[in-house]
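Next come the chains, spelled out residue by residue.
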Amino acid sequence: MEPDASGLDPEDWTALRALGHRMVDDMVDHLAGVRQRPVWQPMPPGLRAELAKKLPRAPSEPEAVYAQFRRLIEPYATGNTHPRFMGWVHGGGNPVGMLAELLAGGLNANLGGRDHAPIEVERQVIRWAAEMLGLPPKTSGLLVTGTSIANLIAVLVARTAALGADVRRDGLGGSRLVAYASVAAHGCVSRAMDMAGLGTNALRLIACDGEGRMVPSALAEAVARDRDAGAMPFMVVGTAGSVDIGAIDDLAGLARFCRAQDLWLHVDAAFGAMAALSPRLRPLLAGIEQADSIAFDFHKWAQVPYDCGCILVRDPAAQLAAFAAPAAYLRRENRGLAGGHPWPCDLGPDLSRGFRALKVWMTLLVYGADRLGAIVEQCCGLARALADRVDAEPSLERLAPVALNIVCFRFAAAEGDLDALNVAIVADLQEAGIAAPSTTTLGGRLAIRAAIVNHRTRIEDIEALVAAVIQVGNARARA
Ligand SMILES: *Cc1c(COP(=O)(O)O)cnc(C)c1O
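This text gives an overview of the structure that appears in the document.

1. Quick word on the side chain of H455
Structurally, the position occupied by H455 is in the loop between β11 (445-451) and α15 (459-478). A polar contact is formed between the side chain of H455 and the backbone oxygen of G93, at a distance of 2.8 Å. In contact with H455, other than residues within four places in its own chain, are G92, G93, N94, Q303, I375 and Q378.

2. As for the site of the ligand
As a matter of local geometry, the ligand sits amid 13 residues, with S148, D268, D297, H299 and K300 nearest to it. Within the side chain of D268, one N or O atom sits 2.7 Å away from a nitrogen atom of the ligand. Considering the ligand on its own, with 380 Å² of exposed area, one finds that the protein chains cover 85% of that surface. For the shell around the ligand, the class distribution of residues is four nonpolar, six polar and three charged.

3. Regarding unusual backbone geometry
Apart from glycine, the bulk of residues carry a negative phi angle, and the bulk of peptide bonds sit in the trans form. In the segment running from Y306 into D307, the intervening peptide bond is cis, with an omega of -10°. As for its placement among the helices and strands, D307 is situated in the loop between β6 (293-297) and β7 (309-313). The omega torsion across H341 and P342 is 0°, close enough to zero to call that bond cis. Within the fold, P342 resides in the loop between α11 (316-323) and α12 (357-367). Of note in this structure, W88 is not a glycine but carries a positive phi near 50°. Given a relative accessible area of 47%, W88 falls into the partly exposed group.

4. Let's talk about the packing of aromatic side chains
Summed over all chains, the structure comprises four aromatic pairs. For the ring pair F85 and W88, a centre distance of 6.3 Å and an interplane angle of 35° mean the geometry is tilted. Assessed through its relative accessible area of 5%, F85 is described here as buried. Considering the side-chain rings of F271 and W301, the 6.0 Å spacing of their centres and the 70° angle between planes classify their relative orientation as edge-to-face.

5. Quick notes on the environment of L386
Relative to the elements of secondary structure, L386 occurs in helix α13 (residues 369-392). Residue class for L386 comes out buried when judged on its relative accessible area of 0%. Considered as a pair, L386 and A324 are 62 residues apart in the sequence and their alpha carbons are 48 Å apart. Not counting residues within four places of it along the chain, the set of residues in contact with L386 comprises V407, F409, A450, I462, L465 and V466.

6. A closer look at the sheet that holds strand β3 (residues 203-206)
Pairing between sheet strands relies on hydrogen bonds along the backbone, with the strands arranged either parallel or antiparallel. One open sheet holds the seven strands; their spatial order is β1-β7-β6-β5-β4-β2-β3, and the pairing between them is mixed. The sheet terminates laterally at β1 (140-144) and β3, the two strands that pair on one side only. Between one strand and the next, the sheet's axes are offset by a mean angle of 20°, whatever the strand orientation. The pairing of strand β2 (residues 177-182) with strand β4 (residues 232-239) spans five bridges and is parallel. Within β4, the position partnered with A181 by the bridge is V237.

Rules of the game
Residues numbered from 1 in each chain as written. Predicted model: local features only at pLDDT ≥ 70, side-chain atom pairs only at ≥ 80, totals over all residues. Heavy atoms only, no water. Helix = DSSP H or I, 4+ residues; strand = E, 2+ residues; numbered from the N terminus. Polar contact = N/O pair within 3.5 Å; in protein donor to acceptor, adjacent residues only side chain to side chain. Contact = heavy atoms within 4.5 Å. Near = heavy atom within 4 Å. Areas by Shrake-Rupley, 256 points an atom, 1.4 Å probe, with all protein chains shown as cover. Nonpolar A, V, L, I, M, F, W, Y, C, P; charged D, E, K, R; others polar. Buried < 20%, exposed > 50% of the residue type's maximum accessible area, 1.4 Å probe, protein only. Phe/Tyr/Trp six-rings, centres within 6.5 Å; stacked < 30°, edge-to-face > 60°. Pairing = 2+ DSSP bridges. Axes fitted to C-alpha atoms, helices over the stretch in contact; angles between N-to-C directions.

Interpretation in functional terms is not warranted from these geometric data alone.
Shown next, in the form of structure tokens:
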């Protein structure tokens, strides 16, 4: 039989409509019942094998494929929607954002360019982001996959600002650009230097103080040393919310230093940016409004479903200079669908881009920025409560100060290899589906790391984590 080329829409929409309604019902039940399920469970090898099939040449009924989703995929996701997921820094998502994804999929808009409402929505989201962080209204920016790419874009914009637009044609030549970040900076900053062709060695990692903040005198010394050696310092990357302990660099101090030294100040505020929505926490970010560029994620503490990061650039001309490229097939016009320039593809590396903006726009409008700020505050309160429990518990030891929402501690009531013991405790908790903290290493010691990011997390989840760590720790110590 010849394959059917009559298009992909059904002749009669009734069955697909019913399936869609069922999917929405099922996923609402999924979210409403999240607390009753294990945080995470490993995907059984048999089910993994079932996914490994040859390219499907023939069609299947949508209902049958959906049944596969329910059986093979839904129960074995990351678990970050769950209130006791505390590993890494994962946002919990939200139900309105989930529905927005359905709408965005229906429109199937391409936000690379041209003149249409979805691009206006993204521009509005960028204006809101700038307002939230105190940048000027004309700030330019883009929604991207995440802070990793936002940091890469910042490096490229700062590079072009330092060397002029010719660098895009001629390459770096002999220029020895060097950048600075603290040793606590996220690894993606170093990768951004790599991907930008500057090399990871050109990122100087500056020492931190006991609170995990970049030491200003060490930064000044490093810049002076590089200038003496004939290198070209061009950029400082401040961290607002370090990934290991949530520390925030002295951003106002960094801004002063960068102004005096004519350096680009970029701030990696991947999750910390959202503290700006809490009147109580906002002072911790003082100085962020002076940054030349800021990278942060909507998919972490802003609870927008994955994926969605954001890059903001104070000077729109600088962002345009780093990425705009004419092409005959992308000709801009003053009227018609080819109007509305500059286009988002002039501001970053992607040409085709999805409608990430809709889930951010709907999340912000439905819940309001104040409520998101209150959730950020609640997470920090829970982190303080966890720190207090740890401090009060003789078998537990806290390993870092708590600046925002991250608590690092370990079970210490045992002889022998405490690092291995705590690695095992974390894996036990994850595999039992009780809670999902992660680990980090602080001062050579392995820590259980709980990052409270999820809007669903409550004090009983904190208590469950502490109780489980002690119980598993004691059982393993006795064994
Ligand atoms: C999570 C994180 C990143 C990376 O962001 P992605 O969205 O995962 O690409 C960068 N910096 C910090 C401080 C982070 O916490």
